[in-house]
Amino acid sequence: GVAGPSSFAFDSLGGGPYVSVQDGRILKYEGATACFVEFAFDAPTRSSAVCDGQSNYDDLGSTCGRPLGLDFNPLTQQFYVADAYVGLMVVGPKGGLATKLASGVNGVPFRFLYGVGHDPLTGDVYFTEFSNVYQLRDITLAVNNGDATGSLLKYDPLTKQVSVLLTGLSGASGVAVSGDGTFVLVGELIGNRIKRLWIKGPKCNTTETFIEFPGRVNRIRRTILGDFWVAVNVVINPVTNVTLPTGKGISPFGTVLETVTVDKEYNNTRISEVQEHLGKYYVGSRHVNVNFVGVYDTI
Ligand SMILES: *[C@@H]1O[C@H](CO)[C@@H](O)[C@H](O)[C@H]1NC(C)=O
Ligand SMILES: *[C@@H]1O[C@H](CO)[C@@H](O)[C@H](O)[C@H]1NC(C)=O
Ligand SMILES: *[C@@H]1O[C@H](CO)[C@@H](O)[C@H](O)[C@H]1NC(C)=O
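Residues numbered from 1 in each chain as written. Chains lettered and ligands numbered in written order. Predicted model: local features only at pLDDT ≥ 70, side-chain atom pairs only at ≥ 80, totals over all residues. Heavy atoms only, no water.

Draft legend 1. Here's a closer look at the site of ligand 1. Inspection of the region around ligand 1 gives Asn144, Val239 and Asn241 as its neighbouring residues. A distance of 3.4 Å separates an oxygen atom of ligand 1 from a polar atom in the side chain of Asn144. Val239 places a polar main-chain atom, nitrogen or oxygen, 3.5 Å from a nitrogen atom of ligand 1. In the complex, the protein chains occlude 47% of the 370 Å² of accessible area that ligand 1 would expose alone. (Near = heavy atom within 4 Å. Polar contact = N/O pair within 3.5 Å; in protein donor to acceptor, adjacent residues only side chain to side chain. Areas by Shrake-Rupley, 256 points an atom, 1.4 Å probe, with all protein chains shown as cover.)

Put into structure tokens, the structure is as follows:
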């Protein structure tokens, strides 16, 4: 009865996947019998009667919320959520209504949060605002108009302050910090590339293009070994914008290590995330016709 699994997280006991879905909820997989059960939500105004199973952002987005990015920090046990309509959230261990950490910066409300990831050493939280002009419901318009008003932001859990690190991003999508905490990768969905911002060392505070792809760059997830998986929807017909859903495994040096295509199961539906966890790939798609979580064996 729900669709659009956008992103995944696993807790430190191996529980999950937790998955963010279209009707504003975060579900938790409880095994083959119970399957996916309701775990948390972001909008205090959300009610099951109005929101469950719905997909109409135009009318319901601000009432029901739309968690897009999920990220669990196993060291601090904090479960972060980037909600497109509500803001940067944290979910407690028992779930339920999430707590809002930030809904704007410098007095300006966020328009459309997308991705979230933590620094494994400092615990700082990096997150993206896809656009500060368009909202989630206008994503096709933002893409077709070449929007470049996205930002990379940081939330410091100690001071509780939000700072703006990069602006002018073209569809700021996924975000991931390197395993050694020296740099942050940020995807530009409309710009078809990943930028790297150094946050430590001699190049601190400088930005460079990390890698470019012939397609739409979505979420970036770090693996346990410190590589990354990037969901890329490779454009195969620029006129109709038909894409090939692809996972790209990349090293911290920007080398493509592996390419997997999932069109056999997803056809030309765009995917949002490829995440590796204990020998499996979990594939997410924000798309309305995807009402399942794709799980692949890595070998
Ligand atoms: C495909 O993308 C281009 C450029 O972003 C846009 O102008 C065009 O309208 C899109 N076509 C379709 C069928 O959405
Ligand atoms: C990087 O930028 C931050 C924020 O503006 C500043 O506090 C810090 O001193 C800068 N670090 C370096 C090495 O330039
Ligand atoms: C892909 O196409 C098949 C066959 O038409 C269909 O059963 C399946 O639901 C499609 N998958 C998606 C993700 O749309």
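Draft legend 2. Region of interest: the packing of aromatic side chains. One pass over the structure, following the stated rule, counts 16 aromatic pairs. Aromatic pair Tyr18 and Phe39: ring centres 4.9 Å apart, planes at 65°, arrangement edge-to-face. With Tyr18 in strand β2 (residues 18-20) and Phe39 in strand β4 (residues 36-41), this residue pair connects regions lying 21 residues apart in the sequence. Per residue, the accessibility class of Tyr18 equals that of Phe39, and both read buried. An aromatic cluster of three or more residues is present, and its members are Tyr18, Phe39, Phe72 and Phe79. Geometry around Phe183 places Arg196 over its ring, the cationic atom sitting 4.6 Å from the centre. (Phe/Tyr/Trp six-rings, centres within 6.5 Å; stacked < 30°, edge-to-face > 60°. Helix = DSSP H or I, 4+ residues; strand = E, 2+ residues; numbered from the N terminus. Buried < 20%, exposed > 50% of the residue type's maximum accessible area, 1.4 Å probe, protein only. Lys NZ or Arg CZ within 6 Å of the ring centre and 35° of its normal.)

Draft legend 3. View of the state of the cysteines. Tallied over the full model, the rule gives 1 disulfide. Disulfide pairing is shown between Cys51 and Cys64; the S-S distance is 2.1 Å. Looking along the S-S bond of the Cys51-Cys64 disulfide, the torsion reads about -85°, which is the left-handed sense. Placement of the pair is Cys51 in helix α1 (residues 48-51) and Cys64 in helix α2 (residues 57-64), with a sequence separation of 13 residues. Given the relative accessible area of 4%, Cys64 is considered buried. (Disulfide = S-S within 2.5 Å.)

Draft legend 4. Local environment of unusual backbone geometry. Residue Gly16 is joined to Pro17 through a cis peptide bond whose omega torsion reads 5°. Along the chain, Pro17 turns up in the loop between β1 (8-9) and β2. Its identity as a non-glycine residue notwithstanding, Cys35 has a phi of 65°, on the positive side. Counting through the fold element by element, Cys35 comes out in the loop between β3 (25-29) and β4.

Draft legend 5. Spotlight on the pairing of strand β13 (residues 125-129). Counting buried positions along β13 gives 5 out of 5 residues, so the element sits mostly inside the fold. Of the two faces of β13, the one lined by Val125, Phe127 and Glu129 and the one lined by Tyr126 and Thr128 are each fully buried. Across 4 bridges, strand β12 (residues 113-118) lies against β13 in antiparallel orientation. Bridged to Val116 within β13 is Phe127. Counting the residues in the hairpin turn of β12 and β13 gives 6 residues, including Gly123, whose phi is positive at 80°. Bridge analysis of β13 against strand β14 (residues 150-156) gives 5 bridges, and the strand direction is antiparallel. (Pairing = 2+ DSSP bridges.)

Draft legend 6. Structural context of the sheet that holds strand β6 (residues 78-83). Sheet architecture is open: 4 strands sit in the order β5-β6-β7-β9, paired in antiparallel fashion. A single partner strand is all that each edge strand has here, and the edge strands are β5 (67-73) and β9 (99-102). On average, each strand axis in the sheet is inclined to that of its neighbour by 30°, with strand direction left out of account. Where β6 meets strand β7 (residues 87-91), 5 bridges bridge the pair, whose relative direction is antiparallel. Paired with Phe79 across the bridge in β7 is Val91. (Axes fitted to C-alpha atoms, helices over the stretch in contact; angles between N-to-C directions.)

Draft legend 7. Quick peek at the nonpolar core. Counting 28 residues, the largest nonpolar core has Ile26, Phe79, Val91, Phe112 and Phe130 as its most contacted members. Looking at this core, the elements that each hand over two or more residues are β4, β5, β6, β7 and α3 (139-144). In contact with Phe79, other than residues within four places in its own chain, are Ala9, Tyr18, Ile26, Phe39, Leu70, Asp71, Phe72, Met89, Val90 and Val91. Membership of the second largest hydrophobic core comes to 15 residues, among which are Leu185, Ile194, Trp198 and Ile220. (Core = buried A, V, L, I, M, F, W, Y, C linked by side-chain atoms within 4.5 Å. Contact = heavy atoms within 4.5 Å.)

Draft legend 8. Expanded view of the sheet that holds strand β16 (residues 172-177). Taking strand neighbours across the sheet as the criterion, the 4 strands line up as β16-β17-β18-β19 in an open arrangement whose pairing is antiparallel. The strands lining the two open edges of the sheet, one partner per strand, are β16 and β19 (207-212). Neighbour-to-neighbour, the strand axes of the sheet open up by a mean angle of 25°, direction not taken into account. When β16 meets strand β17 (residues 183-188), the two strands line up antiparallel, connected through 4 bridges. Pairing of Val175 across the sheet is with Val186, part of β17.

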